[in-house]
Structure formats: structure tokens, C-alpha cells
Amino acid sequence: MCLLPIYNYLDNGNNKMAIQQADKLLKKHKDLHCAKVLKAIGLQRTGKQDEAFTLAQEVAVLEPTDDNSLQALTILYREMHRPELVTKLYEAAVRKVPTSEDYHSHLFMAYARVGEYKKMQQAGMALYKIVPKNPYYFWAVMSLVMQAISAQDEKLSQTMFLPLAERMVEKMVKEEKIEAEAEVQLYFMILERLGKYVEALEVVQGPLGEKLTSELQSRENKCMMLYRRLGRWSECNALSCKLLLKTPDDWQSYLMYFDSFFHLMDESWTPPQEGPQSAEGEVHSTVAQAISFIDERVNTEEAKEAKHQRGPYLARLELIKRLREQNCPEAQQLGEPLELMFQFFVKFGEKPCCITDLKIFLDLLTPDQHVQFINRLMEAVPLGAPGEDGVALPGDPRALQRHLCVTQLSRCLGLQHTADAQSKLNIIKELKAHYRHGLQFGMSCLKTELQFFDMYCVMAAHVYVDLWMETGDQNMLWQCLGLLEEGLSHSSTNAQFKLLLLLLYCHLGAFEPVVDLYSSLDAKHIQHDTIGYLLTRYAEALGQFAAASQSCNFSLRFFHSNQKDTSEYIIQAYKYGAFEKIPEFIAFRNRLNHSLHFAQVRTERMLLDLFLDADITSSLEESVKSMSLCAEEDDIPWDNLRDNRDLTVHVSWNPRDRDLNEEHRQRSVEEETLWLKLRSLTLRLIGCISSLNHPTAPRNSEKTTENGVSAKPSFLQSLLSQLENTINQASQFTEKHAQYPFLGPVPSRLARFVTSGCCQCQLASLQLPLHLQELETSGLDDSTELQTQISNLFKSLAVQLQDLLEKCKGDLFEVKDGHSNTQASLLENLVYFVETICITLWVCSYCGSVLRPLKSSLQKKKKKRKEASAATPVVLTGFQEFSGGLKSLLTRALEHIKSQESDLTALKLGSLTLEGQTQTEAEESFMKTAMDKVQSSYLRSLQEIGELLKKRADSFKSLKI
């Protein structure tokens, strides 16, 4: 009975052959469980999930105990995302073979995958009784800790779970059975969570603490943390002194030294008259002692002949900064900050980290020292004689790095920002000259290596953006794009080039080049959450629906795999005793599950699928059902949403007053949450409309009142009220005209949604079903006033849709008199128009389904009474007029899109010239490349929007009452 060929076929992805081979084997051996399961795996991988599950259950009910069947079933259930079935599998195996270490171990891990902490504790103890090994005992202890962490009742954690875990470990301590560092770490974790910091300190400082060896200075760091928690600042101070004498470049120790020192100062701490000053030795509690200590560290470093370390020099600046914050006049004793920073630059100016080191201390300079400081630094930069263009260039990479550092510091101080337009153009000219000069120093580098002189190019792009935002001259933007495209051609792996290009193309409304740029960034794992928003924000908004689907899939694939992957990390942590990492993995998983970006992408993906497919390839009801959308349930964890975006992914040298601040962050989160609420409510309302049923039972039937239409209005009304309130909040928010730094958060689609009038238009459309339900209940005979109201709503909606189309009109890309002008807002308005049309057509479909039987009933009554000349009810006339107007509107919209496509295709970008700017042939070529990408992207967006609108127009033709 050879199973090897089946395994080989499955491993190689040849699932059909694996199924055939399994069938051959099962003909000879009908009861070969493993072959059946392997066949089920093949069926699962070929999309036959139901057959696979049935076959697997045939084996599972027999409760197999052979390793091959159990492992194969485990793999299958994991691929089915049914880890809970693995627990049942091994529960049965353990019952049959109660002494098997392997089965008990597998059962424990199966419980770990589903987070059954109580059962994990029981399984761990059962395993320890069979095989008394320390790891198994501590698996049970850690499972108790996890029960404490996951418990809703904090009191229960502190009074039951954690004390029990503590007693279990103490038992092992007393019996001297503690063997590994992981066990000590777990004991420390329990004591820390119980708030028993004194006991934890005794453990770390006692014999058990000697086992803490996996990390450098592990015991000292834990002691430091506990001293801080206990408020024992004298010990903190003394310990940090000792650590700094050993490692004078340890920045964390410097920070702890300063924190503890200033706490002691605030407390007016005085040393005891007898005995040692603290358990850790001498304590520094006066400004004189602190200054002396830091000066000693600097002097020791100065005396070295070898390479100097930066820590002591930066510590001196940090002390000045903190003393100034406390208004201590002694800060002057350490020296003048400008001179100290100059000395630091002389020593470390050629290191790339010099800019980040000095940037945080620039506030120590007074505004009138800024220019003096930069001039002083330039004295320490060796440059050659100025060339024909008047730019003096460095002769080697070290000099170039020094010059780059000074240039970056100059921008950080705001000297570039305050320059006039012509001065900024001169700055760009110099930066470009230095960048192109630097290319010779990177000739020997591999293409995958980052070139440090690329920052000249990035900074020149930032100055171009400054000019564009100040003057509104779009030529600055084209030159910026050309420069970045040039930079990318020399340094194809530079993420900053790609991120800035991505941002600029999106600002111009061109999404097509962004897809390749983001793909080349090769975002990994968590980056799909931290920077994925850069992609998903613009894809659909700019009409690139296929790319939008793809970008949503990228992100969703990561979020969905996170659940499975985290379980595997937890299992590995148990296996290798990394207990302190398990709560971190759980917190990480929860943070991703509550990600704001995850909620947005999931909502946008469902809306996008409905806009693209509902009532085109399948009915709205089928589409909603296929995505398991339940309008009654709001599954977004509003109170626990986490903003995981990396808003500092772009390198920035802006001065503090122009840089990203906490207010910008909070405002951005508020905006994104409002936008998510609007989209979520819209989605749920669409789902609600799809689920409105029209029973054929008589109107006076009791069953209708319970289960039919009349059970729906209250919920529909509730959702509409929520949407109306959220739109009002959004309007108030946009009235504040929130502005973010260009390199800060990307503005959401909220402002355009409100200002275009799209929000009110969609709301008006979604309110119609409520009135139609009322009409359906009352009938046509006694509802003249209601019919007039509905008819007026149809007229009002028609006017709003017409206004929305008008806001889509204008030239997307215009070249006139050598100047270009793009209006990306027109694309966004066009997408909103299409979305609103989709919603309106679904509402029309529902209206038709209500009015059709009413009209039919009316005609039957006419025939009976022979009243051929009776007037048509107002609501029927109003709906027919609205339908006719809508068809006409769709025709005009399609003509407008075709006209835009023709104009764009005929556009001659070669006629664009930059007045007052002399460009090389290469620069013009890169700029032309950028323009061609924008033009191509606009055409693609119009094409996709046009195709979707045409499908919607075609589907609407069949709607009649």
C-alpha cells in the first residue's frame, strides 16, 4: 500500500493525479483511511469543498489513531479553516490511546489554535502526569496566564487565575525543579501582572536571575524597569550610572539616568547619613554631579584614539535641553549648543545618522542663530572651486555626505521654506547639480543598493512641491515628476522615490502608474496595513475598478491569513518556551483584527463588487447573499478601531511648525472613521433594499404583518436616520477645511463626497423605498397625497442627478499656451456619479417591483368597471417620467465620457513648454514620460467608468412597469 505517489502529487500541486492515484488505491483497499483523506485534500484544492468534507467526515467518525490519517486530516481541516475539528480528532485519539505523549501534545496544540485556554491547561497537566517534563508543566501554567489575560473580569484574573499560576511555579521553585530561562521569564511575567514588583525584583536578583542570559544585560534591564515601577529613583540612577560606565554609548541608559535624576531633583532627595546611598551604589542628585558625570563621559571619549562613540556627546546636548526645560541656569556650564553641535558635526558629519542625531536638538538654537549655524557648518565641508554654473561641488563621498547633512539641517531649520520663488529655483538647481555630481560615486554600487546622494533628489522634489503649493503652477509638478523618474532610473530600489511618485500621481488623479510603483515596493506582511492605505484610498476613487479589486485583495489576503499565521506563531512560542511572546502575538492579532484599514478595505471591497456585478452578472439579492452581508448586523468594532497607518513613511525635513503633529493625526482618524461610517451604512442600506420582500398574500393577512413588508420599515428608517446624522457630521467636519501637511495623512474621499452633492443625492435615493412601502400598504385608491409626495421626490432626485453630472463636466487634461492644467476632481465626481446611478437603479428596480402589481391591479379594476378614460395615478406617471429622464441622463453621461476620451487622445503633450526654464534633453524626456503616464491613466479610467455606466444603462432598459 504505497501512499508516497499521492503525497508527491499533492506536494507538486498535481491534485487531479493525486485524486486518481487515491481512487486506484481505494479500489484495492476500501478501508485505507489515509488514502481517503489524501483524496479529500486533492478535492479541497480543486474547489470541491463539499465532497472533500463529506469524505473527511467518513474517516473522522471512525476516530482513527494512525499518525498518517491524523496528520492528513489536520492539514485538510487547516486548509478548510476549521481548526475546531482538529481538537475533536485528537480528543478521540487521546481517549483511545491515553498514554500517547504525541497525541496529548497534538491535542494541546489543537486547543492553542482555537484559543481554548482552559482546555489547554487541562491538556498540559494531563501530559505532565504521563511524561513529567518541565515544559509540559509550564504549558499548563502559561495557559492559566492566558485565561487571566483573556478574562473579561479583571478581578477574576487577579484573584484566581494569576495567584493559581504563581502557586504552581512556587511549587517548582521550592522543589528546585526550575531548569530553563523560559520558566524564570514566566514566573517574572506572573509576578509583574500581579503587581508584585518587590517579589519580582527578588527573583531577578536571586539565584533564579542567573538563568536570564539570552539577552545582553537582561537582569539589569529588568531591575531598571522594576525600580521605575516602584518609584525607586535612587536605585534607577545608580544602576544607570554603572551601566554607562560599562557601555558609554547606550542611549536608553542615558535616558533612564536623566529621568531618574530629574525625579530625584523634584523630590529634593538627600542621601542617607549612614550606610550606602542606594542598593545599587552612588546616586547623583545634584545638577553639579550630573554635569560632572556627563563631562567625564565626554572627556573619556575625547581621550580615545580609536573611533569616537556618539552617545556621550549627544547626552551632553540632552542634558542642556532638559536643564533648560527646568529653567536651570547651570545649563550654561555645559557649553553653547551651537558650538557643541558644530563640534559634533566635525566628528560625525560624514555619517548618515548625523542629521537624525542633530535634528532633535535644533530647538536649542535661537531663530537668529539659524543662518550662523549653517554657515559655521559649511566651514567644515570641503568643497572644490565653483564650476560654470556657480555651484561648488565636493570631491569625495565623505565630503558629499557632510554637505548633504548641512543641506538637510538647513531645510529642517526652515531656511528653504522662507526663501522666495526665485531663490527656491536656485536651491533646486544646486540640489540637482549635487545629485548628478554624486552619481559618479555610486558607479560601483549594485542596483539593489541605496545611494545616499539620492536624498538630494528627494529634497529637490520637496522644494518643487513647495513651489507648486505656493504658486499653483503645475509646471513645477511636471518637473518634480520628471526629476523623480530620473532618480528612479538610476536607483531603482529607492522607496522614497516610489512613495513620492505614488503620492504625486494620485494627486494628479493618475492611478495607472501607481500600481507598478506599489508593486515594486514589494510590501511585506504588516506593511499591507501600515502603507496599504496609499493604494486603496485612490484606486476606486479614480475610476480604476480592476486595480481597486486587486489592491483590496492584496490587503484582505494579509488580514485573513493573519488569524491562521498568528496561531502558528503561538504554537512555536509554546514549543520553544518563548512564553513572554505569546501575549504579544495575541495583542498583535487583535490589533490587526481591529484595524481601521481592514474595516475600510472590507467595506469598500463589498461595495465595489456590488457596483461592478449586482444586476449585471447576477441579481442584487444573489450578490448580497454571496458575500454573507447581513444588513441588521454591524460587525465593525467601532469602539476598538486601531489606526495602524504609518503616517511618517515619507522622509521629511520640514521644521516643526510645518510638520505632522498630533492634531493632524487625530483629525485624520476622525475623518477616516466618518468616511467608514458613511460607506458602512450605505452598504447595509443596499443590503436592506435587496432583502425587502413582496408577499403575494392578501394585504390584510396577519402573516404579512409579522413576516412581510411591514416588519421592515422600522429598521430601514433606523439606518436612514443614522446615515442622515452621519452626513450632517461629515458636512460639519468638512466646513472646518482641515488641512494636512503634504507629506502627512492622505485626505479621505469625504470632502468630495459632501461638496459634490453626492451624499444628499444617495440619501434621497435610499429614502424612496420607505415611501414606496407605505404606498404598497395603503394602495393607490386612498393615497393621493402620498403619491404626490413620491412623485415630487422623483422630480427632486432627477434634478440632483443632473447637477451631479454637471459637476463632472470640464477638461480633465488641458494644454493651452504652453501651460498644462489637470482636474483630478472631475474623475472623482464622475466615479461618485456612477456609484449614485448604481444605487438609484437598484432603488428603481425595487420601485418597479412595488408599482408593477399596483398598476396591474388598477388595470383589472378598470376592465371590470369599464373605465378606459380614467386618469393614470400620479405616482405611476412620476415614475415613468423619472425613468425616461434617467435613461436620457445616462445617454448624456456616456456621450460626455466619449467626448473626454476623444479630447485626451487628440491631446498633443509635445507642445507643452516650460516658460523661463531651461531643460536638458534628458530632463524633457523624463517629464514627457510622466505626462504620458498621466494621459494613459486618464484614458483607462474613462474607459472603465464608461464600460460600467454602459452596462448599467443596458440593464436599465429592461425595467418596465
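- Going by the annotation in an unreviewed UniProt entry, the name recorded for the protein chain is N-alpha-acetyltransferase 25, NatB auxiliary subunit, with Triplophysa rosa given as the source organism.
- Within the UniProt record for the protein chain, the comment given under Subunit (unreviewed entry) is "Component of the N-terminal acetyltransferase B (NatB) complex which is composed of NAA20 and NAA25."
- The protein chain has a UniProt comment under Subcellular location (unreviewed entry) that states "Cytoplasm".

1. What to know about the overall build of the protein chain
Consideration 1: When its secondary structure is counted, the protein chain shows 41 helices and 2 strands.
Consideration 2: Considering only C-alpha atoms, the protein chain reaches an extent of 115 × 90 × 60 Å along its principal axes.
Consideration 3: Out of the 961 residues in the protein chain, the part that is buried amounts to 52%.
Consideration 4: The long-range fraction of contacts in the protein chain, counting pairs at least 24 apart against all pairs at least 6 apart in sequence, stands at 72%.
Consideration 5: Just so you have it, the protein chain exposes about 44400 Å², and 50% of that area is on carbon and sulfur atoms.
Consideration 6: Side chains of the protein chain give 106 positive and 124 negative charges; the mean places of these two sets differ by 8 Å.

2. Things to note about helix 12 (residues 197–205)
Consideration 1: Of all the positions in helix 12, only Tyr197, Ala200, Leu201, Val203 and Val204 are classed as buried. For helix 12, the angular spread of the buried residues around the axis is 160°, confining them to a single face.

3. Some details on the packing of helix 22 (residues 421–438) against helix 23 (residues 454–471)
Consideration 1: Packing of helix 22 against helix 23 leaves a shortest axis separation of 8 Å and a crossing angle of 160°. In terms of orientation, helix 22 and helix 23 fall into the roughly antiparallel class. Crossing of helix 22 over helix 23 shows left-handed handedness. Taking contact as the criterion, the partners of Ala421, Lys424, Leu425, Ile427, Ile428, Leu431, Lys432, His434 and Tyr435 in helix 22 are, on helix 23, Asp454, Tyr456, Cys457, Met459, Ala460, Val463, Tyr464, Asp466, Leu467 and Glu470.
Consideration 2: For the contact of helix 22 with helix 23, the class distribution of residues is 13 nonpolar, 1 polar and 5 charged.

4. Describing the layout of surface pockets
Consideration 1: Of the volumes computed, that of the largest pocket is approximately 1400 Å³.
Consideration 2: Every residue lining the largest pocket is counted, 47 residues in all, and those nearest its centre are Met469, His507, Gln739, Tyr740 and Pro747.
Consideration 3: Counting residues per element, the ones that place at least two in the lining of the largest pocket are helix 23, helix 24 (474–490), helix 25 (495–507), helix 33 (662–691), helix 35 (713–735), helix 36 (750–755), strand 2 (819–822) and helix 39 (824–865).
Consideration 4: The element that contributes the greatest number of residues to the lining of the largest pocket is helix 23, accounting for 6 residues.
Consideration 5: Classifying every residue of the lining of the largest pocket gives 21 nonpolar, 18 polar and 8 charged.
Consideration 6: Taken as a whole, the second largest pocket holds about 730 Å³ of empty space.

5. Describing the state of the cysteines
Consideration 1: Inspection of the entire model under this criterion finds 0 disulfides.
Consideration 2: The closest cysteine sulfur to the non-disulfide-bonded cysteine 223 is located on cysteine 236, 10 Å from its own sulfur.
Consideration 3: For cysteine 223, a relative accessible area of 6% gives the class buried.
Consideration 4: No disulfide involves cysteine 241; its sulfur sits 11 Å from that of cysteine 236, the nearest cysteine.
Consideration 5: Residue class for cysteine 241 comes out buried when judged on its relative accessible area of 7%.

6. Quick notes on unusual backbone geometry
Consideration 1: Positive phi outside glycine occurs at serine 268, with the angle close to 50°.
Consideration 2: With relative accessibility at 57%, the residue serine 268 sits in the exposed group.
Consideration 3: We note that aspartate 615 has phi near 65°; this positive angle belongs to a residue other than glycine.
Consideration 4: On the secondary structure map, aspartate 615 appears in the loop between helix 31 (596–613) and helix 32 (620–626).

7. Overview of the packing of aromatic side chains
Consideration 1: Inspection of the entire model under this criterion finds 27 aromatic pairs.
Consideration 2: Residues phenylalanine 108 and tryptophan 139 carry aromatic rings whose centres are separated by 4.7 Å and whose planes lie at 25° to one another, so their mutual orientation is stacked. Of the two residues, phenylalanine 108 is situated in helix 7 (residues 101–114) and tryptophan 139 in helix 9 (residues 134–150); the sequence distance between them amounts to 31 residues. Each member of the pair, phenylalanine 108 as well as tryptophan 139, carries the same accessibility label: buried.

8. Quick notes on the environment of histidine 403
Consideration 1: Within the secondary structure, histidine 403 is located in helix 21 (residues 397–412).
Consideration 2: A residue is classified by how much of its surface remains accessible, and histidine 403, at 9% relative accessible area, is buried.
Consideration 3: With 23 residues separating them in the primary sequence, histidine 403 and alanine 380 have C-alpha atoms 9.0 Å apart.
Consideration 4: A polar contact is formed between the side chain of histidine 403 and the side chain of tyrosine 456, at a distance of 2.7 Å.

9. Overview of the pattern of salt bridges
Consideration 1: According to the stated counting rule, one finds 50 salt bridges in the structure shown.
Consideration 2: Residues joined by salt bridges that share partners form a network here, namely Glu540, Glu604, Arg679, Arg749 and Glu835.

10. Comments concerning the side chain of glutamate 280
Consideration 1: For glutamate 280, the location among the structural elements is in the loop between helix 15 (251–266) and helix 16 (287–302).
Consideration 2: Within the local environment of glutamate 280, its side chain forms a polar contact with the side chain of tyrosine 227, the two groups lying 2.7 Å apart.
Consideration 3: At a separation of 2.9 Å, a polar atom in the side chain of glutamate 280 contacts the side chain of lysine 242.
Consideration 4: Leaving out residues up to four positions away in the same chain, glutamate 280 has contacts with Gln205, Tyr227, Glu235, Ala238, Leu239 and Lys242.

11. Topic: the confidence of the model for the protein chain
Consideration 1: A residue-level look at the protein chain finds 95% of positions with pLDDT of 70 or above and a mean pLDDT of 90.
Consideration 2: Long-range and interchain partners of residues 694–711, a stretch whose pLDDT sits below 50, account for 25 contacts in this model, where long-range means more than four residues apart.

12. Concerning the packing of helix 17 (residues 311–325) against helix 18 (residues 337–348)
Consideration 1: At a closest axis distance of 10 Å, the pairing of helix 17 and helix 18 adopts a crossing angle of 160°. Taken as axis vectors, helix 17 and helix 18 run roughly antiparallel relative to one another. The handedness of the crossing between helix 17 and helix 18 is left-handed. Residues Tyr313, Leu314, Arg316, Leu317, Ile320 and Arg324 of helix 17 lie in contact with helix 18, whose contacting residues are Pro337, Leu340, Met341, Gln343, Phe344, Lys347 and Phe348.
Consideration 2: Class assignment for the residues of the contact of helix 17 with helix 18 results in 9 nonpolar, 1 polar and 3 charged.

13. Quick notes on empty space enclosed by the protein
Consideration 1: In this structure the tally under the stated criterion is 2 cavities of 30 Å³ or more.
Consideration 2: Here the largest cavity is characterised by a volume of approximately 270 Å³.
Consideration 3: As for the largest cavity, its lining consists of 20 residues, of which Thr536, Arg537, Gln600, Glu604 and Trp675 are closest to the centre.
Consideration 4: Breaking the lining of the largest cavity down by element, the ones donating at least two residues are helix 28 (533–536), helix 29 (545–575), helix 31 and helix 33.
Consideration 5: In terms of residues, the lining of the largest cavity owes the most to one element, helix 31, which gives 5 residues.
Consideration 6: Considering only residue class, the lining of the largest cavity consists of 9 nonpolar, 5 polar and 6 charged.
Consideration 7: Reported here for the second largest cavity is a volume of approximately 50 Å³.
Consideration 8: Each residue belonging to the lining of the second largest cavity can be placed in one class, and the counts come to 2 nonpolar, 3 polar and 4 charged.

14. Here's the deal with helix 15
Consideration 1: The end-to-end C-alpha distance of helix 15 is 23 Å, a good match for the 22 Å that 16 residues give at a rise of 1.5 Å each.
Consideration 2: If you check which residues of helix 15 are buried, you get Ser253, Tyr254, Met256, Tyr257, Phe258, Asp259, Ser260, Phe261, Phe262 and Leu264.
Consideration 3: Next to the buried residues of helix 15 lie helix 13 (218–230), helix 14 (233–246), helix 16 and helix 17.
Consideration 4: Of the residues that open helix 15, the one with a side-chain oxygen 3.3 Å from the backbone nitrogen of glutamine 252 is aspartate 250.
Consideration 5: Just beyond helix 15, the residue with positive phi is serine 268, at close to 50°.

What counts, and where the lines are drawn
- Residues numbered from 1 in each chain as written.
- Predicted model: local features only at pLDDT ≥ 70, side-chain atom pairs only at ≥ 80, totals over all residues.
- Heavy atoms only, no water.
- UniProt positions renumbered as here; feature names shortened; annotations may be inferred.
- Helix = DSSP H or I, 4+ residues; strand = E, 2+ residues; numbered from the N terminus.
- Buried < 20%, exposed > 50% of the residue type's maximum accessible area, 1.4 Å probe, protein only.
- Contact = heavy atoms within 4.5 Å.
- Areas by Shrake-Rupley, 256 points an atom, 1.4 Å probe, with all protein chains shown as cover.
- Lys, Arg positive; Asp, Glu negative; His and termini not counted.
- Charge placed at Lys NZ, Arg CZ, Asp CG, Glu CD.
- Arc of directions from axis to C-beta.
- Axes fitted to C-alpha atoms, helices over the stretch in contact; angles between N-to-C directions.
- Parallel < 35°, antiparallel > 145°, perpendicular 65-115°, else oblique.
- Left-handed = near helix turned anticlockwise from the far one by under 90°.
- Nonpolar A, V, L, I, M, F, W, Y, C, P; charged D, E, K, R; others polar.
- 1 Å grid on protein atoms, 1.4 Å probe; cavity = no way out; pocket = protein on both sides within 12 Å on 5 of 7 lines; lining within 4 Å.
- Points joined across faces, edges and corners; volume = space filled by probe spheres on them.
- Disulfide = S-S within 2.5 Å.
- Phe/Tyr/Trp six-rings, centres within 6.5 Å; stacked < 30°, edge-to-face > 60°.
- Polar contact = N/O pair within 3.5 Å; in protein donor to acceptor, adjacent residues only side chain to side chain.
- Salt bridge = Lys/Arg side-chain N within 4 Å of Asp/Glu carboxyl O.
- pLDDT = per-residue confidence, 0-100.
- Expected span 1.5 Å × (residues − 1).

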